[in-house]
Amino acid sequence: MSATVTMEKVVNLAKRRGFTFQSSEIYGGLASCWDYGPIGVELKRNVKEAWWRDMVRRRSDIVGIDCAILMHPRVWEASGHVAGFTDPLVDCKKCKQRFRADKLADAQCPEKPSKHPGECGGELTEARQFNLMFKTFMGPVEEDANVVFMRPETAQGIFVNFLNVLNSSRQKVPFGIAQVGKSFRNEITPGNFLFRTREFEQMEMEFFVKPGDDERWFQYWLDERFNWYIRHGIRRERLRLRQHAADELAHYAKGCADVEYEFPFGWSELEGIANRTDFDLKRHAEYSGKEISYFDEESKERFVPYVIEPAAGADRATLAFLVDAYDEDEAEGETRAVLRFHPRLAPVKAAVLPLLRKDGQPEKAKQILDILKQHWVVQYDQAGSIGRRYRRQDEIGTPFGITIDHQTMQDDTVTLRDRDSMQQERIPLDRLVDELKRRIEI
Ligand code: GAP
């Protein structure tokens, strides 16, 4: 059965089963900030790990980096964020709330929700530019000279380390530098659960190419990134590529396309792939006074590489995987949720379930649990009927159930149940780890 998935159903399940909790909930919560619970943290780690594996570990032309969140303030002048990372804002003189001037048609008047801001009788001020970067102070003195920014993207840490990576690794253009880490934006209209928050994690890769080769690599990364989501279980029909029109392009981009997902609230950006040209490296060369270029030994040419950037959000991708996995089926007259995650992303890979709480079955199950724990996150459950226990696991998307029964005690075999087909197979214990590996790594 393919269920109608709503954000309400996903948010409720996420809280009930420990995927996410609202930040500082016991104090009334902090708007649009979310904490990942015991199950959610595993899901998000698996998403990041799958990205790192395909973008770094399995390739010889991409290396990783992990930069500080706080960077020299000049970085953000060079990148254009100080001058241009802004949204136009208007204030309502009546209710004193702020709105994005370019999104008034999507906003509600807080006092008269059936109307848009400005249509309720309240007068709106002229639009003013509001910078989205969070500011803080470095050191004990809170003065302008000590202002630093919480990075709004991970990309700039990569650009300012271009020469360091080039000189300390054996990479030659074309090559990429990847980073996963927190970014912060003081968004005016956060919302839709994990979709737009003020603190989030990005998974970005800057791929440096010879000018002239950029169009080809742009297309390569569009295909690669689009297919990555499909390989990890996202339904093809809920995914599309949307090319940006010329007037939508960021100041640094020659071309850009978004991988979009059809969330319950509509088609929205999951990841942006941009041709950033040589903008960033040239700006950092100009602002730092250091020469930033690349000497190609083969052609004996020196040039400033162009950059193709696939920029994804870890939280947004986690939300898309969660929404896409959501399904419902009926058992014993009741509707229940099943999360059909790709086994590699599933937070818990297997549940070990003794059929009876006697005859040595719990002890045997715990021995098996200890073996599987060496490889994966697995759970033990002996409470309630076997049907209920399967259902509890289906709700968090556990792809495999391993049942220990009377026969296990005689011949060292277990039953292996598949979450989606619900088929059960008898497997000798000494083949269990290999069999799970085979099924998880598909
Ligand atoms: N370096 C380019 C860059 O940062 P972006 O389109 O602004 O580009 C890349 O961000 C990705 O980061 C987005 O596609 C999205 O997945 C994620 N992202 C951006 N802002 C976000 C927010 N406020 N909350 C959650 N994820 C966000």
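Data block above holds the structure.
Novice: Whenever I open this one, unusual backbone geometry confuses me. Can you help?
Specialist: With an omega of 5 degrees, the peptide bond between Val-173 and Pro-174 qualifies as cis. Tracing the chain through its elements places Pro-174 in the loop between α6 (162-168) and β9 (175-184). A positive phi is found at Lys-300, a non-glycine position, where the angle reads about 60 degrees. Relative to the helices and strands, Lys-300 resides in the loop between β14 (294-296) and β15 (301-303). The phi dihedral of Met-422 is positive, around 60 degrees, even though this residue is not glycine. On the secondary structure map, Met-422 appears in the loop between β22 (413-418) and β23 (424-428). Relative accessible area serves as the criterion here: at 44%, Met-422 is assigned to the partly exposed category.

Novice: Honestly, helix α11 (residues 386-395) in this entry has me stumped. Any pointers?
Specialist: Residues that lie three or four places apart on an α-helix share one face, since the helix turns once every 3.6 residues. Those residues of α11 not exposed but buried are Arg-389, Tyr-390, Arg-391, Gln-393, Asp-394 and Glu-395. Positive phi shows up at Gly-397, right after α11, with a value of about 85 degrees.

Novice: Is there a simple way to explain the site of the ligand in this structure?
Specialist: The environment of the ligand is made up of 20 residues, and the closest members are Glu-153, Arg-185, Thr-197, Glu-204 and Glu-269. One nitrogen or oxygen atom from the side chain of Arg-276 is found 3.5 Å from a nitrogen atom belonging to the ligand. Contact distances for the ligand include 3.0 Å between an oxygen atom and a backbone N or O atom of Gly-313. Out of a free accessible area of 550 Å², the ligand has 90% covered by protein chains. Those elements that provide at least two residues to the shell around the ligand are β10 (199-209), β13 (266-277) and β16 (306-313). No other element matches β13, which puts five residues into the shell around the ligand. Looking at side-chain class alone, the shell around the ligand contains six nonpolar, four polar and 10 charged residues.

Novice: Sorry if this is basic, but what is going on with the packing of helix α10 (residues 361-373) against helix α13 (residues 432-440) here?
Specialist: A pair of packed helices is characterised by two quantities: the angle between their axes and the separation of those axes. Two numbers describe how α10 lies on α13: the axes approach to 11 Å, and their chain directions differ by 50 degrees. With respect to each other, α10 and α13 are oriented oblique. Judged by the twist between their axes, the crossing of α10 over α13 is right-handed. For the pair α10 and α13, the contacting residues are Ile-368, Ile-371 and Leu-372 in the first and Leu-432, Val-433 and Leu-436 in the second. Here the contact of α10 with α13 is built from residues that sort into six nonpolar, no polar and no charged.

Novice: Would you take a moment to explain empty space enclosed by the protein for this structure?
Specialist: Any space left empty among the atoms is revealed by the rolling of a water-sized probe across them. Per the stated rule, a full pass over the model turns up two cavities of 30 Å³ or more. Space inside the largest cavity adds up to approximately 40 Å³. The wall of the largest cavity is formed by Ala-351, Leu-353, Tyr-390, Gln-393, Asp-394, Thr-398, Pro-399, Phe-400, Gly-401, Arg-417, Asp-418 and Arg-419. Looking at the lining of the largest cavity, the elements that each hand over two or more residues are β19 (350-354), α11, β21 (400-404) and β22. Here the lining of the largest cavity takes three residues from α11, the largest share from any one element. When the residues that make up the lining of the largest cavity are grouped by side-chain class, the tally is five nonpolar, three polar and four charged. Approximately 30 Å³ is the volume attributed to the second largest cavity.

Novice: Help me out: how do you make sense of the state of the cysteines in this one?
Specialist: In a disulfide, the sulfur atoms of two cysteines are covalently bonded to one another. Tallied over the full model, the rule gives zero disulfides. The structure places no disulfide on Cys-95, whose sulfur is separated from the nearest cysteine sulfur, that of Cys-92, by 3.8 Å. On the basis of relative accessible area, Cys-95 is assigned to the buried category, the value being 14%.

Novice: Would you take a moment to explain the sheet that holds strand β5 (residues 98-100) for this structure?
Specialist: Backbone-to-backbone hydrogen bonds join strands into a sheet, with any given pair of strands oriented parallel or antiparallel. The strand order β5-β4-β6 describes an open sheet built from three strands, whose pairing is antiparallel. Because the sheet does not close on itself, it has two edges, and the strands there are β5 and β6 (128-131). For this sheet the average axis-to-axis angle between neighbouring strands, irrespective of direction, equals 50 degrees.

Novice: Explanation requested: the pattern of salt bridges in the structure shown.
Specialist: Side-chain pairing between opposite charges can occur once the charged atoms of the two side chains come close. For the structure shown, the criterion picks out 53 salt bridges. Note that Glu-395 and Arg-17 form a salt bridge whose closest N and O atoms lie 3.0 Å from each other. Here Glu-395, found in helix α11, pairs with Arg-17, found in the loop between α1 (7-16) and β1 (20-22); they are 378 residues apart in sequence, far enough to count as distant. With a relative accessible area of 14%, Glu-395 lands in the buried category. In the salt-bridge network here, residues are joined through shared partners; they are Arg-53, Asp-54, Arg-58, Arg-231, Arg-344 and Glu-441.

Novice: When you look at the pairing of β9 in this model, what are you seeing that I'm missing?
Specialist: The two faces of the sheet receive side chains in turn, since in a regular strand these alternate between them. Of all the 10 residues making up β9, nine are buried; the element is thus mostly covered by neighbouring parts of the structure. When strand β3 (residues 62-64) meets β9, the two strands line up parallel, connected through three bridges. Paired with Ile-62 across the strands is Gly-176, a residue of β9. Two elements, β9 and β10, share 10 bridges in a ladder whose sense is antiparallel. Bridge pairing in β10 places Val-180 opposite Met-203.

How each quantity is defined
- Residues numbered from 1 in each chain as written.
- Predicted model: local features only at pLDDT ≥ 70, side-chain atom pairs only at ≥ 80, totals over all residues.
- Heavy atoms only, no water.
- Helix = DSSP H or I, 4+ residues; strand = E, 2+ residues; numbered from the N terminus.
- Buried < 20%, exposed > 50% of the residue type's maximum accessible area, 1.4 Å probe, protein only.
- Near = heavy atom within 4 Å.
- Polar contact = N/O pair within 3.5 Å; in protein donor to acceptor, adjacent residues only side chain to side chain.
- Areas by Shrake-Rupley, 256 points an atom, 1.4 Å probe, with all protein chains shown as cover.
- Nonpolar A, V, L, I, M, F, W, Y, C, P; charged D, E, K, R; others polar.
- Axes fitted to C-alpha atoms, helices over the stretch in contact; angles between N-to-C directions.
- Parallel < 35°, antiparallel > 145°, perpendicular 65-115°, else oblique.
- Left-handed = near helix turned anticlockwise from the far one by under 90°.
- Contact = heavy atoms within 4.5 Å.
- 1 Å grid on protein atoms, 1.4 Å probe; cavity = no way out; pocket = protein on both sides within 12 Å on 5 of 7 lines; lining within 4 Å.
- Points joined across faces, edges and corners; volume = space filled by probe spheres on them.
- Disulfide = S-S within 2.5 Å.
- Pairing = 2+ DSSP bridges.
- Salt bridge = Lys/Arg side-chain N within 4 Å of Asp/Glu carboxyl O.

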